[in-house]
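Commentary on secondary and tertiary structure
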Amino acid sequence: MEKKKKIGLTTKIFIALIAGALTGVILYFAPENKVINDYFINGLFYIVGNGFIRLMQMLVVPLVLCSIVCGSAAIGDTKTLGKVGVRTLLFYVLTTALAVAVAILVANIINPGVGVNITNVEQVETTIGESSSFSETILDIIPTNPLESLATGSMLQIIFFALLLGVILAKLGERVETVTNFFAQFNSIMMEMTTIVMQVAPIGVFCLIARTFATLGFDMFIPMLKYMAAVLSALGVQCFIVYLGLLKVFTGLNPIKFIKKFLPVMGFAFSTATSNATIPMSIDTLEKEMGVAKRISSFTIPLGATINMDGTAIMQGVAVVFTAQIFGITLGMPEYITVIATATLASIGTAGVPGVGLITLSMVFSSIGLPVAGIGYIMGIDRILDMTRTAVNITGDAVCTTIVANQNKALDKEKYNK
Ligand code: ASP
């Protein structure tokens, strides 16, 4: 019964994605109509779509806090926790560096910027925000006021505080039983809330996609087609060859099963372009469908959604090659190595919300002296790539989580293979 219901939701999200995209494209090409514009595109679709994102966002902070507290309390000893943490971080950083290398390679095969006549591409006004320095980013992990971190949703600070809290709960044991139980029960409530909110996912996804496609700038697509093809190809390589290969090598599990079961989460990430909002759905799917224990995923998924952005790093790698080509700048090995290093750092600094990858791209461009104004050329078509790279970002987190869970005997293989 339970299984039947789940398959129903997956299919519904998938149908919603396709139907939404079709509706959006039809509306885009349909003659200008005030009723459709005001009541549907900017009315119903906007309210329902964004209402759904807000519902998911509403879950994030309380869910992350409770589940990390419970997760680290369950792991208990700091040694195991440290081992999980170090492995996860290592995996995240290495896959990101690999992702940039894949991007540079693919971009040098497709040569997206060769032959692009920049006068044909409408340049979008660039107002790139400042990205913060490395030392600030590190210091920022320690909250000066944990309540403020919760109120503002500062993910790394919440993770830091929740980990400490969990470890101390485990250490004090029976003396703090009431508080431990409170977090455990609140955690169950948040998981139930996630399940309920996910029931409306197909409607939310339909509205989000329909509106996005109805308002996309399709005219820019043609001159930018090669750039888009390069980003999408590199994303495909990372997702289907690198991730699934790593999953097979490290766990011996069937990677096709992974993709099939994870597809609705990818669809959700695609329609929202927000890694952060995907956290509850990822944890839930990994637990119920793949058998990944929450004591691992509750820590690795929010961490990944905050610092592990392989898809974003891929866009940045391709953007570097593209911009260098349209400006006629030749890049060599030293520049590429710098790009791999800075894009990996930029990925850590990119927040899991729409469009931030473009802001941190300025840091990558500056590191090798590329004109930051080049970002203006790719801005116009970034939304569709943002959606796709977000799906890859969260898939990387889930693959790492499954591998780390397997290494820590926190993976129910029977459930995974079901
Ligand atoms: N939208 C991406 C995410 O949330 C971040 C980005 O690349 O802009 O994962």
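Residues numbered from 1 in each chain as written. Predicted model: local features only at pLDDT ≥ 70, side-chain atom pairs only at ≥ 80, totals over all residues. Heavy atoms only, no water.

Let us look at helix α14 (residues 333–349). Along its 17 residues, α14 runs 24 Å from first to last C-alpha, staying within 8% of the 24 Å computed at 1.5 Å per residue. Taken together, the buried positions of α14 are Tyr-336, Val-339, Thr-342, Ala-343, Thr-344, Ala-346 and Ser-347. Residues of α14 that are buried in the fold lie against α3 (78–110), α12 (294–307), α13 (310–326) and α15 (356–367). (Helix = DSSP H or I, 4+ residues; strand = E, 2+ residues; numbered from the N terminus. Expected span 1.5 Å × (residues − 1). Buried < 20%, exposed > 50% of the residue type's maximum accessible area, 1.4 Å probe, protein only. Contact = heavy atoms within 4.5 Å.)

The subject of this paragraph is unusual backbone geometry. Residues other than glycine seldom take positive phi values, yet Asn-111 does so here, at roughly 50 degrees. Along the polypeptide, Asn-111 turns up in the loop between α3 and α4 (134–139). Looking at Asn-111, the relative accessible area reads 26%, which means it is partly exposed. Here Lys-409, not a glycine, exhibits a phi torsion of approximately 50 degrees, which is positive.

Among the 17 residues in the neighbourhood of the ligand, the closest are listed as Ser-275, Thr-312, Gly-357, Asp-386 and Arg-389. Burial of the ligand by the surrounding chains reaches 100%, relative to a free accessible area of 270 Å². Among the secondary structure elements, those contributing two or more residues to the shell around the ligand are α15 and α17 (382–407). The element contributing the most residues to the shell around the ligand is α17, with 4 residues. (Near = heavy atom within 4 Å. Areas by Shrake-Rupley, 256 points an atom, 1.4 Å probe, with all protein chains shown as cover.)

What follows is about the pattern of salt bridges. On inspection of all chains with the given rule, the structure shows 4 salt bridges. For Asp-38, the salt bridge identified is with Lys-34, shortest N-O distance 2.5 Å. Taken together, the residues span about one helical turn, with Asp-38 and Lys-34 both in helix α2 (residues 34–75) at a distance of 4 residues. Connected through salt bridges with shared partners, the residues Asp-382, Asp-386 and Arg-389 form a single ionic network. (Salt bridge = Lys/Arg side-chain N within 4 Å of Asp/Glu carboxyl O.)

In this structure, Met-56, Tyr-227, Phe-258 and Leu-361 are the most contacted members of the largest nonpolar core, which totals 128 residues. Per-element accounting of this core gives the leading share, 14 residues, to α2. The contacts of Met-56, once residues within four sequence positions are left out, are Val-197, Met-198, Phe-268, Ala-277, Pro-280 and Met-281. Among the nonpolar cores identified, the runner-up in size contains 6 residues, and Leu-27, Cys-207, Ala-210 and Ala-214 belong to it. (Core = buried A, V, L, I, M, F, W, Y, C linked by side-chain atoms within 4.5 Å.)

This part takes up the environment of Met-191. In this structure, Met-191 sits in helix α7 (residues 177–198). The spatial distance from the C-alpha of Met-191 to the C-alpha of Ile-283 is 9.1 Å, given a sequence separation of 92 residues. Those residues in contact with Met-191 that lie beyond four places of it in its chain are Leu-63, Ile-283, Asp-284, Glu-287 and Lys-294.

Quick look at a positive patch on the surface now. Together, Lys-79, Lys-83, Arg-87 and Lys-409 line one region of the surface with positive charge. Summarising the element assignment, Lys-83 is placed in helix α3. (Patch = residues over 30% accessible without salt bridge, like charges linked within 9 Å, V, L, I, M, F, W, Y side chains within 5 Å. Lys, Arg positive; Asp, Glu negative; His and termini not counted. Charge placed at Lys NZ, Arg CZ, Asp CG, Glu CD.)

This part is about the side chain of Thr-342. For Thr-342, the position within the fold is in helix α14. One polar contact links Thr-342 to Ser-367, side chain to side chain, over a distance of 3.3 Å. Excluding residues that lie within four positions of it along the chain, Thr-342 makes contacts with Met-363, Val-364 and Ser-367. (Polar contact = N/O pair within 3.5 Å; in protein donor to acceptor, adjacent residues only side chain to side chain.)

Before going further, it helps to examine the confidence of the model for the protein. With 94% of its residues at a pLDDT of 70 or more, the protein has an overall mean of 89. Segment residues 1–5: pLDDT under 50, and 0 contacts once partners within four positions in sequence are set aside and those in other chains are kept. (pLDDT = per-residue confidence, 0-100.)

This part covers the packing of α13 against α15. As a packed pair, α13 and α15 sit with axes 10 Å apart at the nearest point and diverge in direction by 50 degrees. On the basis of the axis angle, α13 is oblique to α15. Relative to α15, α13 is oriented so that their crossing is right-handed. Facing Thr-312, Met-315, Gln-316, Ala-319, Val-320 and Thr-323 of α13, the residues of α15 in contact are Gly-357, Leu-358, Thr-360, Leu-361, Val-364 and Phe-365. Looking at side-chain class alone, the contact of α13 with α15 contains 7 nonpolar, 5 polar and no charged residues. (Axes fitted to C-alpha atoms, helices over the stretch in contact; angles between N-to-C directions. Parallel < 35°, antiparallel > 145°, perpendicular 65-115°, else oblique. Left-handed = near helix turned anticlockwise from the far one by under 90°. Nonpolar A, V, L, I, M, F, W, Y, C, P; charged D, E, K, R; others polar.)

Attention now goes to the packing of aromatic side chains. This model, assessed by the stated rule, comprises 9 aromatic pairs. Geometrically, the ring pair formed by Tyr-227 and Phe-322 is tilted, given 4.9 Å between the ring centres and 45 degrees between the ring planes. With Tyr-227 in helix α9 (residues 225–251) and Phe-322 in helix α13, this residue pair connects regions lying 95 residues apart in the sequence. Three or more aromatic residues joined by ring pairs make a cluster, and in this case those are Phe-40, Phe-45 and Phe-206. (Phe/Tyr/Trp six-rings, centres within 6.5 Å; stacked < 30°, edge-to-face > 60°.)

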